[in-house]
Amino acid sequence: MDPSEPTLPAHPVLDCAAQIDVALSEVAALDPVFMTTAQKRQALLALHGLESRVAALRLRVVAASADVAADEGHRDVAAWLAHRTHSDRAVARRHQRLATALDQRWRALGHALTAGAVNLDQAHVIARTLDDLPTDPRHGVTAQVRADAEAHLITLAATWGPAELARLGAKVLEVVAPEVAEDAERRRLLAEERRARRGTSLSVRDLGDGTALIKARVPVATAQRLTTYLEAFTNPRQPANQAARGRQDDASASALGEPVPYQVRLGKAFCSLLEVLDPRRLPLHGGDATTVVISIDLDDLMSGLGTAALESGDRITAGEARRLACTAKLIPAVLGTGSHPLDLGLTARLFSPAQRRALAIRDKRCRADGCSIPAAWCEAHHLMPWSLDGPTDLANGILLCSHHHQRIHDDRYLHSRMPDGDVRFSRRR
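Residues numbered from 1 in each chain as written. Predicted model: local features only at pLDDT ≥ 70, side-chain atom pairs only at ≥ 80, totals over all residues. Heavy atoms only, no water.

Draft legend 1. Structural detail: unusual backbone geometry. Phi at His86 is positive, roughly 55°, even though this residue is not glycine. When you line up the elements, His86 lands in the loop between α4 (77-85) and α5 (89-104). On the basis of relative accessibility, which here comes to 72%, the residue His86 falls in the exposed class. The backbone of Lys364 shows a phi angle near 70°, a positive value even though the residue is not glycine. Along the chain, Lys364 falls in the loop between α17 (353-363) and β10 (378-382). (Helix = DSSP H or I, 4+ residues; strand = E, 2+ residues; numbered from the N terminus. Buried < 20%, exposed > 50% of the residue type's maximum accessible area, 1.4 Å probe, protein only.)

Draft legend 2. Broad picture of the side chain of His409. Assignment of secondary structure puts His409 in the loop between α18 (402-408) and β12 (413-417). On the basis of relative accessible area, His409 is assigned to the buried category, the value being 18%. Of the polar contacts made by the side chain of His409, one reaches the side chain of His381; its length is 3.4 Å. (Polar contact = N/O pair within 3.5 Å; in protein donor to acceptor, adjacent residues only side chain to side chain.)

Draft legend 3. Examining the confidence of the model for the protein chain more closely. Summing up the model confidence of the protein chain, the mean pLDDT is 78 and the portion of residues at 70 or higher is 74%. The least confident element of the protein chain is strand β4 (residues 288-289), whose mean pLDDT is 36; the most confident is helix α7 (residues 120-131), at 94. Ignoring residues within four places in sequence, the model shows residues 236-256, a span with pLDDT below 50, making 29 contacts including any to other chains. Contacts from residues 337-348, a stretch scored under 50 in pLDDT, to residues over four places away or in other chains number 23 contacts. (pLDDT = per-residue confidence, 0-100. Contact = heavy atoms within 4.5 Å.)

Draft legend 4. Local environment of helix α6 (residues 107-115). Burial in α6 covers these residues: Leu109, Gly110, Ala112 and Leu113. End-on view of α6: buried residues confined to an arc of 160°, all on one side of the axis. In α6, those exposed residues whose orientation departs by more than 90 degrees from the buried face are Arg107, His111 and Ala115. Buried residues belonging to α6 abut α2 (37-63), α5, α7 and α8 (143-156). Positive backbone phi, approximately 85°, marks Gly116, located one or two places after α6. (Arc of directions from axis to C-beta.)

Draft legend 5. Highlighting the packing of α5 against α7. At a minimum axis distance of 10 Å, the contact between α5 and α7 shows a crossing angle of 65°. Two packed elements cross with a definite hand, and for α5 against α7 that hand is left-handed. Here α5 contributes Arg94, His95, Leu98 and Ala101 to the contact with α7, which in turn contributes Leu120, Ala123, His124, Ala127 and Asp131. Grouping the constituent residues of the contact of α5 with α7 by class yields five nonpolar, two polar and two charged. (Axes fitted to C-alpha atoms, helices over the stretch in contact; angles between N-to-C directions. Left-handed = near helix turned anticlockwise from the far one by under 90°. Nonpolar A, V, L, I, M, F, W, Y, C, P; charged D, E, K, R; others polar.)

Draft legend 6. Expanded view of the nonpolar core. Ranked by internal contacts, the top residues of the largest apolar core, which has 37 residues, are Leu109, Val118, Ile126 and Leu173. Of all elements in the fold, only α2, α4, α5, α6, α7, α8, α10 (172-176) and α11 (178-199) reach the threshold of two or more residues within this core. Counting residues per element, this core draws most heavily on α7, at six residues. Residues contacting Leu173, with those up to four places away along its chain left out, are Leu133, Pro134, Val141, Val145, Pro178, Ala181 and Ala184. In terms of nonpolar packing, the next biggest core, distinct from the first, is built from 15 residues, Cys366, Ala368, Cys378 and Ala380 among them. (Core = buried A, V, L, I, M, F, W, Y, C linked by side-chain atoms within 4.5 Å.)

Draft legend 7. Geometry of the pattern of salt bridges. Per the counting criterion, the structure on display carries ten salt bridges. Salt-bridge contacts for Glu72 lead to Arg84; the nearest nitrogen and oxygen are separated by 3.3 Å. Remark: Arg84 occurs in helix α4 and Glu72 occurs in the loop between α3 (66-71) and α4; sequence separation between them is twelve residues. A relative accessible area of 42% means that Glu72 is categorised as partly exposed. Where salt bridges share partners, they join Arg362, Asp363, Arg365, Arg367 and Asp422 into one cluster. (Salt bridge = Lys/Arg side-chain N within 4 Å of Asp/Glu carboxyl O.)

Draft legend 8. Looking closely at the environment of Leu202. Counting through the fold element by element, Leu202 comes out in strand β1 (residues 201-206). C-alpha of Leu202 to C-alpha of Lys215: the two residues are 13 residues apart in sequence and 5.6 Å apart in space. The contacts of Leu202, once residues within four sequence positions are left out, are Ile214, Lys215 and Ala216.

Here is the structure:
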């Protein structure tokens, strides 16, 4: 109890809070380590049930306490409570929404929470699911249907946790009112799609350390499409067999010399996806298909040891520019003495689809020593760099996986051809 609060007339709720306070004080100094296993098990379950019942009582008081906020000039009781208890305002507002729902709409759920038959997390999920049901009786979801849905979800709470309740709740009308479920589902999906389109956004923030943070919120279907595309650039997968997939991923990671987390592979795959996009398939931008212009000094281009500038002013290494030229359709703006343009070259010469197929038949896999990534997941690399007039033909081509393609353009590594044609890498000393 707050000692700064004045003494108030007796009320059963206040008496209850006082008794709980006394009981907690009596056991505050006890160490649970000395409890038996059976006692701990019983205590955990009992305290969990009591916690839910105390939360239910608190929500009932919150629902009736608009006058408390008004008395001190706060927007609502959630704002007042967050201020007075120094708690998270968003959490307080979430609890206030649930309190209002239980008081005004879902009385049976409130009674279940009070009785300990539903816990607080389950109550949030059930109330949100019920609030998402159509409210127009013309759609067939009558007050009785809503009451039946409430009762059904409360029953399910005896068996399932919040995550499972959310999934089951999405199909609750199929159980309590199958005759209206299909139309309700269509309306729900339409509403979700509209919200998703309105909420779609993407932001890019330069972190100043050579990386940028991309944050996007897109419709679920778009996210799934992107994930499918990105997984096409990661190691081969067998989705139907999780165990086999795990072994294959581990084997591929071992072949690369280090374990690579799935999120890292997706990030690298995103970079690869952008590199192989065909500019001719993109909308016109500034009167031309979207292209990337890289300005680079001729000597740096030849040596691969200098730097190059993008149109935005950002800089990359000459080695990275040479690597990009193997797969990306970019325009090299080669600069001579005094940074005068010597040549605004044509799109970099790329291996044709027919040549790619021929390389796949010949190489069958990534030609890095010890790598087993199959040809379908590899990139074509010029053995003699395009900047040195290396021809785009089979004799000058080799397949490398994305990892080793980056290694061969990384000046921290040396590489050499072995008698069987494989490429062996070693880190510079």
